[in-house]
Amino acid sequence: MLFLALILAVSAVAAIASQSKTATNNTTIDNGPFPTDLNGSNFTYPHPFQLFHFGSQGLPLEMAFIDLPPIVAPTATTKPQHVRHTRTKPNPKPKIALLLHGKNFCSITWSTTAATLQKAGYRVIIPDQIGFCKSSKPGTLYQYSLHQLTLNTYSLLSALDLTDPSNNGITVVGHSLGGMLATRFSLLYPDLVSSLVLVNPIGLEPYLELGVPYPDLSITLKTEQTSNYMSIKGYEQSTYYLGAWAPEYNVWAMMLAQIYAGTEAQNFVEGQARVVDMVLTQPVFYEFPRVRSKTLLMVGTKDTTAIGKQWSPPDVKEKLGRYELIGKETANRIPNCTLVEFEDLGHAPQIQAPDRFHAALLQWLRT
């Protein structure tokens, strides 16, 4: 009987392993061509992108992503004529940077940062998260969580053979909502993340604990349904860019407004309402002391972003989103953290002052 039980146990383990292998093999990467209106977004990306096909929560999904190679400066190739045989060292694996967008942006918003990192020798991976931009929008069929979005992103990296422990580690950069996701990624896969960069992340304070009223999903959904170009521009102009507006800001507002009015509008707003719920109910605030990665926190201190601030009572509203304070407080709670503050910038310093932002980023990456 014991022998039979062992055989059955081994068979069960083998069956599970076989199923896992099959599930892994079901993922594919598609190089296109793709329809102009892909998953409700007809914005033209200036870089070629690909689709990662995979399954999640019983659904077949598509994650759009950009994969940019490092730009290597040319080197002299002339050799002395008397040298007949030389040994050359194999090219090392390039450094990897993973860029994670915020709620109101897409992968392509990282274009300038991606170009900067390419020139610094990085291979740059930039996904559109599920529910966003050119990726699938499963709407009410999907349970949005930071853990799930992190697992989706890890699955993409695995399909690209970038999760091998022999690699040099990944530099994960996250802005706004992407900062919460980058933090969760570093907590779930600490051995994979060599450096963590958080750019005006949301979630630096526990919104509900500070008194933000928890909204029913139907309320958040109504807010999302009323989003349009003018509301997006008004919010970003005041919060991101301190009242200023420029053509390079406008393109991103138009990109987002088009999705809200696009062919997948209903699924998009359903997903966005669930993302707001995710941010409120899944804080990373309490886990910053567990971050093991070397971390750079980059903060435009004029930022006033706080999820739920607009529906909070005055006494709660006045203490939320004070990045000039919470940036310093967060840096003190992350064990190995460097804080860079931009005292004249708002929520998106990488767009508002790209030269200064990238100079500070590269300086830190070289240390």
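A quick note: this is a predicted structure, and the numbers were derived from the prediction, not measured.

Definitions and limits used
Residues numbered from 1 in each chain as written. Predicted model: local features only at pLDDT ≥ 70, side-chain atom pairs only at ≥ 80, totals over all residues. Heavy atoms only, no water. Helix = DSSP H or I, 4+ residues; strand = E, 2+ residues; numbered from the N terminus. Axes fitted to C-alpha atoms, helices over the stretch in contact; angles between N-to-C directions. Parallel < 35°, antiparallel > 145°, perpendicular 65-115°, else oblique. Left-handed = near helix turned anticlockwise from the far one by under 90°. Contact = heavy atoms within 4.5 Å. Nonpolar A, V, L, I, M, F, W, Y, C, P; charged D, E, K, R; others polar. Core = buried A, V, L, I, M, F, W, Y, C linked by side-chain atoms within 4.5 Å. Buried < 20%, exposed > 50% of the residue type's maximum accessible area, 1.4 Å probe, protein only. 1 Å grid on protein atoms, 1.4 Å probe; cavity = no way out; pocket = protein on both sides within 12 Å on 5 of 7 lines; lining within 4 Å. Points joined across faces, edges and corners; volume = space filled by probe spheres on them.

Engineer: Go over unusual backbone geometry, please, and point to the residues and values.
Structural biologist: In this chain, Gly32 is followed by Pro33 through a cis amide linkage whose omega measures 5°. A positive phi angle, near 35°, is found at Asn200, a position not held by glycine. Within the secondary structure layout, Asn200 lies in the loop between strand S7 (193-199) and helix H5 (217-225).

Engineer: Explain the packing of helix H2 (residues 111-119) against helix H12 (residues 354-366) to me, using residue names and the numbers behind them.
Structural biologist: At their nearest, the axes of H2 and H12 sit 11 Å apart, and the two run at 40° to each other. By the angle between their axes, H2 is oblique relative to H12. Seen from above, H2 lies across H12 with right-handed handedness. Mapping the contact onto sequence places Thr112, Thr113, Thr116 and Leu117 in H2 and Pro354, Phe357, His358, Leu361, Leu362 and Leu365 in H12. Each residue belonging to the contact of H2 with H12 can be placed in one class, and the counts come to six nonpolar, four polar and no charged.

Engineer: Tell me what's going on with the nonpolar core, and back it up with residues and numbers.
Structural biologist: A general feature of soluble globular proteins is that nonpolar side chains tend to end up buried together. If you look at the biggest cluster of nonpolar residues, it comprises 108 residues, and the most contacted ones within it are Leu99, Leu117, Val172 and Tyr207. In this structure, Val172 is in contact with Leu98, Leu100, Ala182, Phe185, Val193, Ser195, Leu196 and Val197, ignoring residues within four places of it in sequence.

Engineer: Explain empty space enclosed by the protein to me, and be specific about the residues and the numbers.
Structural biologist: Gaps left between atoms show up when a probe the size of a water molecule is rolled over them. For the structure shown, the criterion picks out one cavity of 30 Å³ or more. When its volume is computed, the largest cavity comes out at roughly 50 Å³. Looking at the largest cavity, the residues that line it are His101, Gln129, Phe132, Leu146, Leu149, Leu177, Gly178 and Leu181. Secondary-structure elements contributing two or more residues to the lining of the largest cavity are helix H3 (146-159) and helix H4 (177-188).

Engineer: Summarise the packing of helix H6 (residues 229-239) against helix H7 (residues 247-260); cite the residues concerned and give the values.
Structural biologist: Axis separation between H6 and H7 bottoms out at 9 Å; the angle between their running directions is 140°. As the angle between them shows, H6 and H7 are arranged oblique. Where H6 crosses over H7, the two elements pack in a sense that is right-handed. Contacts between H6 and H7 involve Tyr229, Ile232 and Glu236 on the former and, on the latter, Asn250, Ala253, Met254, Leu256, Ala257 and Tyr260. Class assignment for the residues of the contact of H6 with H7 results in seven nonpolar, one polar and one charged.

Engineer: So, the environment of Met255: which residues are in play, and what are the values?
Structural biologist: With respect to the helices, strands and loops of the structure, Met255 is situated in helix H7. The spatial distance from the C-alpha of Met255 to the C-alpha of Thr44 is 9.2 Å, given a sequence separation of 211 residues. Excluding anything up to four places from it in sequence, Met255 contacts Phe43, Phe105, Cys106, Ile108 and Thr109.

Taken by themselves, the reported measurements are silent on function.
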